[in-house]
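# Commentary on secondary and tertiary structure
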Amino acid sequence: MSRLLRLLVVLGPLAVPAVAFAQQDVGTYNRALSAFNAGQLDAAAPLFAQLAEGQDADLKGKAEFYLAQTFAKKELPVAAFISYAAIVNAGPKHPSYLKAIEGLVDMQQRLDEQNLIPSILNQAYSDEVRDQWVTLPKEVLARINYLVGTASQRRMRFEEARSLLEAVPADSRVYAKARYLLGTVLADPRFPGRPGEGDTLDKEAIAAFQAVLNTKEPQVELPETRELALLALGRVHYRRGEYADAVKAYEGVPRYARFWDQALFENGFARFQNEDFGGALGSLQALHAPQFEGAFQPESWILKATVYYYSCLYDEVKTTLAAFDERYGPMAKQLEPFTGEDVAPINAFNLVASENRRLPRAVYLWIRNNERIREVMRTLSRVDQEKRAISEGPWRGTPFAAQTVASLEDIRTTLLQVGGTLAKNRIQEAADNLRTFSDQAEIIRVQTALDEKDLFSEGVDQKALLTRQTLYRPKMPGADYNYWRFQGEFWIDEIGYYQYTLKRGCPARQEK
């Protein structure tokens, strides 16, 4: 036997199975695609998964995309997001790259996922792919600009965020959200160019917030975005010393809306700075109504004491500070075991995610109301639903089910890390706030005692001074308002419309 013949004998049997294997893959792909098109998703998914592990690059790329599509049609958006993300991370050479980006954006919308998907898109949005991405459908590109702009804003890359958010067109369904975030970016004290260009940036921020208020449906979460825009508008005016405009913005937040308690608190500050002490106390009266029993607003009591202090109503100052100590003093003690470097993020998240038994209720609700933590909890719940659906469904006990569940568990671990970091930071922020405001309360308490001593030394009879004064009804804002004297009961249709009238315990000072 010649050397050449012996070589063919050795190589021949190896080459035939390779051809057969390629033909078999094509046959598997055709069966999978036929099942997919016929709506037989349970049969199609394992076949696509099998091909996704194969050697044929073309079939592998197609199978990876159709596997993601199958998960999406099966109402398994997290599993679909994982598959789309793998294609996007593979880079622009993947045959289904742009389609996977569309799919990833679609899953973000379905899940309202604000942590992982924006980060993936941000990492993928490079100069290398920018020319390809502009060929995406207009609404998809608008959502990408918004999501990547969100990631840039969190990383304090403000100019990059501005460019992305300004690229969101007015006919996009995320236009209002993009305008709100644009205003927030421009108003940020850390934005490059401040303070020299501060006035121009503030006016542009105000225009962005006004654009949100003027935007019409259909938009994503427009009512809530309008509330946030009103709060942000009030903050810009407040920082600029335009207190009357700030009051107008805060009072635009609808009663009993999600952010109404925050609007009441900040409106109290704006009214105080506008020298409307009675109006400031009226906002705080509403905030301290039983309907807001679960609100975490320690600074509101410091503001209330400050208003009384500026009116030299020292007995009211002491009563207010005593109420602050009674409500928030125990909270500071309760939080001590959950702060510090030795607290694991996962333990912090479990404190927040589970039924509350250890955190102060107001702090617990305040943390759970954080949008990013709420989003982590929603997505985790969705991950658990999909794990059960896959483990108990038609794929039960198969290698495909085990592999898919393992991928979902990886995402779950990542989400727990993100949620744990957010929860730990939020708990620490609550503890720091309580410490700060407790120190401020002590300063006001000491200063009040010193001022009382000065009045006594000067021979001022403050009680007689207050007795000589008359309290008048507050001015009516309009003809459709009625006056009712508050008698200790909170009526739901009155909350938010309180106005105090104050006596002034400060003696007149003679000019020297």
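The structure under discussion appears in the preceding block.
A quick note: this is a predicted structure, and the numbers were derived from the prediction, not measured.

Attention shifts here to the overall build of the protein. Looking only at helices and strands, one finds 22 helices and zero strands in the protein. Its C-alpha atoms give the protein a radius of gyration of 31 Å, clearly above 24 Å, the size a compact globule of 512 residues would have. Across its three principal axes, the protein shows a C-alpha extent of roughly 130 × 45 × 45 Å. Considering the protein as a whole, with its 512 residues, one finds that 46% of them fall into the buried category. Across the protein, contacts joining residues at least 24 apart in sequence account for 66% of those joining residues at least 6 apart. Entry remark: accessible area of the protein is about 27,000 Å², with carbon and sulfur atoms responsible for 52%. Distance between charge centroids for the protein: 2 Å, based on 62 positive and 66 negative side chains.

Here we take up the state of the cysteines. For the coordinates displayed, the defined rule picks out one disulfide. The disulfide partner of Cys 312 is Cys 506, and the S-S distance across this bridge is 1.8 Å. Across the disulfide from Cys 312 to Cys 506, rotation about the S-S bond amounts to roughly 95 degrees, and the bridge is consequently right-handed. Here Cys 312 is found in the loop between helix H16 (298-310) and helix H17 (314-335), whereas its partner Cys 506 is found in the segment after helix H22 (462-467), with 194 residues between them in sequence. What makes Cys 506 buried here is its relative accessible area of 17%.

Turning to the nonpolar core, a few remarks are in order. One finds Phe 81, Tyr 84, Leu 104, Leu 121, Trp 133 and Phe 296 to be the most contacted residues of the largest nonpolar core, which totals 155 residues. Broken down by element, the residue count for this core peaks at 17 residues, all from helix H21 (residues 399-457). For Tyr 84, the contacting residues outside a window of four places in its chain are Phe 65, Ala 68, Gln 69, Ala 72, Ala 100, Gly 103, Leu 104 and Met 107.

A complete count under the given rule lists 28 aromatic pairs for this structure. Geometrically, the ring pair formed by Phe 71 and Phe 400 is stacked, given 6.0 Å between the ring centres and 5 degrees between the ring planes. Residue Phe 71 is found in helix H3 (residues 57-73), and its partner Phe 400 is found in helix H21; the two are separated by 329 residues along the sequence. Ring centres 5.7 Å apart and planes at 80 degrees place the aromatic pair Phe 486 and Tyr 498 in the edge-to-face group. Separated by twelve residues along the polypeptide, Phe 486 in the segment after H22 and Tyr 498 in the segment after H22 bring together distant segments of the chain. Owing to a relative accessible area of 11%, Tyr 498 belongs among the buried residues under this scheme. Three or more aromatic residues joined by ring pairs form one cluster here, namely Tyr 29, Phe 36, Phe 48, Phe 65, Tyr 66 and Tyr 84. When the ring centre of Trp 366 is taken as reference, the NZ or CZ atom of Arg 426 above it lies at 3.7 Å.

What follows concerns the environment of Asp 315. In this fold, Asp 315 is placed in helix H17. The partly exposed category is assigned to Asp 315, whose relative accessible area is 49%. Separated by 216 residues in the primary sequence, Asp 315 and Lys 99 have C-alpha atoms spaced 68 Å apart.

Turning our eyes to something else, we now look at the pattern of salt bridges. All chains considered together, the criterion is met by 38 salt bridges. The partner of Lys 62 in a salt bridge is Asp 58, with the nearest N and O atoms 3.4 Å apart. Of this pair, Lys 62 and Asp 58 both sit in helix H3, four residues apart, which is roughly one turn of the helix. The exposure class of Asp 58 is partly exposed, given its relative accessible area of 41%. For Arg 382, the salt bridge goes to Glu 386, with nearest N and O atoms at 3.3 Å. With a gap of four residues between them, Arg 382 and Glu 386 both fall in helix H20 (residues 371-392), about one helical turn apart. For Arg 382, a relative accessible area of 24% gives the class partly exposed. Under the relative-accessibility criterion, Glu 386 is labelled buried at 0%.

A separate point is the packing of helix H18 (residues 345-353) against helix H19 (residues 361-368). Where H18 meets H19, the closest approach of the two axes is 9 Å, and the angle between their N-to-C directions is 100 degrees. As summarised for this structure, H18 and H19 are arranged roughly perpendicular, according to the angle between their axes. Contacts between H18 and H19 pair Leu 351, Val 352 and Ala 353 from the former with Tyr 364, Ile 367 and Arg 368 from the latter. A breakdown of the residues in the contact of H18 with H19 according to their chemical character gives five nonpolar, no polar and one charged.

Moving on, we come to helix H5 (residues 97-111). The end-to-end C-alpha distance of H5 is 21 Å, a good match for the 21 Å that 15 residues give at a rise of 1.5 Å each. Along H5, the residues classified as buried are Tyr 97, Ala 100, Ile 101, Gly 103, Leu 104, Val 105, Met 107, Gln 108 and Leu 111. The secondary structure elements touched by the buried residues of H5 are H3, helix H4 (77-90), helix H6 (116-124), helix H7 (127-133), helix H8 (138-154) and H20.

Attention shifts here to the packing of H5 against H6. Interaxial distance between H5 and H6 falls to 10 Å at its minimum, and their mutual angle equals 155 degrees. With respect to H6, the element H5 is oriented roughly antiparallel. Judged by the sense of rotation from one axis to the other, the crossing of H5 with H6 is left-handed. Between H5 and H6, the residues in contact are Tyr 97, Ile 101, Leu 104, Val 105, Met 107 and Gln 108 and Ile 117, Ile 120, Leu 121 and Ala 124, respectively. Among the residues making up the contact of H5 with H6, the classes are represented as nine nonpolar, one polar and no charged.

Quick look at H17 now. Under the 1.5 Å per step criterion, the end-to-end length of H17 is 31 Å for 22 residues, consistent within 8% with the ideal 32 Å. The sharpest bend along H17 comes to roughly 35 degrees, located at Tyr 328, with the proline Pro 330 sitting one to four residues further on. Along H17, the residues that are buried comprise Tyr 314, Val 317, Thr 320, Leu 321, Phe 324, Tyr 328, Met 331 and Leu 335. Among the structural elements, H16, H19, H21 and H22 are those in contact with the buried residues of H17.

This part covers the environment of Glu 275. Take Glu 275: it is sitting in the loop between helix H14 (260-273) and helix H15 (277-287). Placed 132 residues apart in sequence, Glu 275 and Ser 407 show a C-alpha to C-alpha distance of 59 Å.

Calculation notes
Residues numbered from 1 in each chain as written. Predicted model: local features only at pLDDT ≥ 70, side-chain atom pairs only at ≥ 80, totals over all residues. Heavy atoms only, no water. Helix = DSSP H or I, 4+ residues; strand = E, 2+ residues; numbered from the N terminus. Rg over C-alpha atoms; globule rule 2.2 N^0.38 Å. Buried < 20%, exposed > 50% of the residue type's maximum accessible area, 1.4 Å probe, protein only. Contact = heavy atoms within 4.5 Å. Areas by Shrake-Rupley, 256 points an atom, 1.4 Å probe, with all protein chains shown as cover. Lys, Arg positive; Asp, Glu negative; His and termini not counted. Charge placed at Lys NZ, Arg CZ, Asp CG, Glu CD. Disulfide = S-S within 2.5 Å. Core = buried A, V, L, I, M, F, W, Y, C linked by side-chain atoms within 4.5 Å. Phe/Tyr/Trp six-rings, centres within 6.5 Å; stacked < 30°, edge-to-face > 60°. Lys NZ or Arg CZ within 6 Å of the ring centre and 35° of its normal. Salt bridge = Lys/Arg side-chain N within 4 Å of Asp/Glu carboxyl O. Axes fitted to C-alpha atoms, helices over the stretch in contact; angles between N-to-C directions. Parallel < 35°, antiparallel > 145°, perpendicular 65-115°, else oblique. Nonpolar A, V, L, I, M, F, W, Y, C, P; charged D, E, K, R; others polar. Expected span 1.5 Å × (residues − 1). Left-handed = near helix turned anticlockwise from the far one by under 90°. Bend = angle between axes of the 7 residues up to and from the residue.

Note that all results are geometric; they support no functional claim without further evidence.
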